[in-house]
Amino acid sequence: MNNRIISVSEAKAILDVQVFERRISNRVLAEAIGCVLAQDIHARVDVPAFSQSSMDGYAFAFDGWQPATQLAVRDVIAAGHPEQVKINLGEAARIFTGAPLPEGADTVVMQEQTLETDGQLDILQQDLKKGDNMRLRGAEIRSGELALPEGTLLTPAAIGFLAGVGYHEVPVYAAPRVAIVVTGDELQQPGAPLKHGQVYEASSVMLRGALVQLGISDITVYQAKDDPEETVAVLESALRNADAVLLTGGVSVGAYDFVVQAATRCGVKQLFHKILQRPGKPLFAGRKDNQPVFGLPGNPSSVLTCFYEYVWPVLRHITGHNDQLVALRAPLAVAHDKNNRLTHFLKGEYRDGRVTILPAQESYRMRSFAVANCLVVLGEAMRKYEENEPVDIHLLPG
């Protein structure tokens, strides 16, 4: 096992080359928002399915009309009209937006440019052209053509388009089942009275919320005391029942830190353990076959920082979203000194094109994280940052 402490860039490069097989499931369109298509989707119908009017007006054959010539109005066609209407040269049909064009018509004049008197139509528009104000059958897409390719994010517009080409449900990359294993004898559930030496367990609630932001809802939380055999047993259960496992606490090298050795005993292959960063230096990453396994630090701020920087991209990839946190460069509102040669991820507020590093950056403190909208990334090399100096920031998911 390689216990060499590595840089942030090395750790992310290791995760970038990991390939985890994606599961595919069919989702009805109404429940597929935010999912990613797992296959190419081809249109099942022509759109429009028939030539139709794009305006309220009158349909007629352009070649049968001359300026100052009246047309005889023979019919009225509304949207959804069930019968095919036919008109001849010199005739017109009153028509409404979306209604099928009558046979024999190839042009629509909008009603504001007409005058109808006793069934006779005068067209007032002098610059009217053949084919105006109508949509030809298949103008949007023809049956059998590629509608949306695999990898497309299903936005409201995308699911509306797929509904229009004949789909009720589509294959998407399924969200993974995630197990959260919380370790620590000192943890008490929120709402229960605290005993001496106890703290409220916040990490699982926080991680569940972050996972829901990703569209992941199948989440199981396990508790493990600071005991090597119990940690192994709980981790084995989590691995049996989940596609990805996140552990919190117990990843350092203290006398009561058993996560790394438990992972090894459960057949998890270590990818790395310990990164030149703050917070989250003892972060563990591994995999068992197709399952990613992360050992996150115990302090809540470290948990969430490591989740966004390392776990979030992996889970996004599994769900078909091949992206990272949005990265920007922004000037510092206030100078900042860094007291070591580690990469720092600091809670920040990005506003009006500038970024402010918030107070209370210690890994046990969550108040600043509660109002932060970005992480300020200060690399290993530099120690002093001046006011207005550009720095990297990662925008947090809203």
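Just so it is clear, the model here is predicted, and its values are computed rather than measured. (Residues numbered from 1 in each chain as written. Predicted model: local features only at pLDDT ≥ 70, side-chain atom pairs only at ≥ 80, totals over all residues. Heavy atoms only, no water.)

(A) The nonpolar core, seen in detail. Within the largest apolar cluster, 43 residues are counted, with the highest numbers of intra-cluster contacts made by Leu 211, Phe 272, Phe 294, Phe 307, Tyr 310 and Leu 315. For this core, the elements supplying multiple residues, two or more each, are α1 (8–16), β13 (178–183), α3 (203–213), β17 (244–248), β18 (269–273), β21 (291–296), α6 (300–318) and β26 (374–378). When residues in this core are grouped by element, the largest group, 11 residues, is from α6. For Tyr 310, the contacting residues outside a window of four places in its chain are Val 8, Ala 11, Lys 12, Leu 15, Ile 275, Gln 277, Leu 283, Phe 294 and Phe 345. (Core = buried A, V, L, I, M, F, W, Y, C linked by side-chain atoms within 4.5 Å. Buried < 20%, exposed > 50% of the residue type's maximum accessible area, 1.4 Å probe, protein only. Helix = DSSP H or I, 4+ residues; strand = E, 2+ residues; numbered from the N terminus. Contact = heavy atoms within 4.5 Å.)

(B) The packing of α1 against α6, seen in detail. Interhelical geometry of α1 versus α6 gives an angle of 15 degrees and a closest axis separation of 10 Å. With respect to α6, the element α1 is oriented roughly parallel. For the pair α1 and α6, the crossing hand works out as right-handed. Contact residues: α1 offers Val 8, Ala 11, Lys 12 and Leu 15, while α6 offers Glu 309, Tyr 310 and Val 314. (Axes fitted to C-alpha atoms, helices over the stretch in contact; angles between N-to-C directions. Parallel < 35°, antiparallel > 145°, perpendicular 65-115°, else oblique. Left-handed = near helix turned anticlockwise from the far one by under 90°.)

(C) Fine view of the pairing of strand β9 (residues 120–123). Residues Leu 121 and Ile 123 line the buried face of β9, whereas the alternating positions Gln 120 and Asp 122 sit on a face that is not buried. Inspection of the sheet shows strand β5 (residues 71–77) paired to β9 by 2 bridges, in the antiparallel sense. Bridge assignment links Leu 71 to a residue of β9, and that residue is Leu 121. With 4 bridges joining them, strand β8 (residues 114–117) and β9 adopt antiparallel strand pairing. By the bridge assignment, Thr 114 is partnered in β9 with Ile 123. Hairpin connection of β8 to β9: 2 residues between the antiparallel strands, including Asp 118 at a positive phi of 50 degrees. (Pairing = 2+ DSSP bridges.)

(D) Inspection of the side chain of Thr 248 at higher detail. By secondary structure assignment, the location of Thr 248 is in strand β17. A relative accessible area of 3% means that Thr 248 is categorised as buried. If sequence neighbours within four positions are ignored, Thr 248 has contacts with Val 181, Val 182, Thr 183, Ser 203, Leu 207, Leu 296, Pro 297 and Val 303.

(E) Local environment of the pairing of β18. Summarising burial for β18: 4 of the 5 residues are buried, a large majority. Looking at chain direction, β18 and strand β20 (residues 284–288) are connected through 4 bridges and run antiparallel. Looking at β20, one finds that His 273 is bridged to Phe 284.

(F) Structural context of the side chain of Thr 183. Note on placement: Thr 183 falls in strand β13. Polar contacts involving the side chain of Thr 183 include one to the main-chain carbonyl oxygen of Thr 248, which spans 2.8 Å. Looking at Thr 183, its side chain comes within polar contact range of the main-chain oxygen of Gly 249, at 3.2 Å. Setting aside anything within four residues of it in sequence, one finds Thr 183 in contact with Ala 224, Asp 226, Thr 248, Gly 249, Gly 250 and Val 259. (Polar contact = N/O pair within 3.5 Å; in protein donor to acceptor, adjacent residues only side chain to side chain.)

(G) A look at the pattern of salt bridges. Applying the stated criterion across every chain yields a total of 15 salt bridges. Note that Lys 130 and Asp 63 form a salt bridge whose closest N and O atoms lie 3.5 Å from each other. Here the residue Lys 130 occupies a position in the loop between β9 and β10 (134–135), and Asp 63 occupies one in the loop between β4 (57–60) and β5, the gap between them amounting to 67 residues. Given the relative accessible area of 49%, Lys 130 is considered partly exposed. In this structure, Asp 243 and Arg 177 form a salt bridge, with 3.1 Å as the shortest nitrogen-oxygen distance. Of this pair, Asp 243 sits in the loop between α4 (228–241) and β17 while Arg 177 sits in the loop between β12 (169–173) and β13, and the two are 66 residues apart along the sequence. The exposure class assigned to Asp 243 is buried, which follows from its relative accessible area of 15%. For Arg 177, a relative accessible area of 31% gives the class partly exposed. Taken together, the shared-partner salt bridges in this structure form one network comprising Arg 23, Arg 177 and Asp 243. (Salt bridge = Lys/Arg side-chain N within 4 Å of Asp/Glu carboxyl O.)

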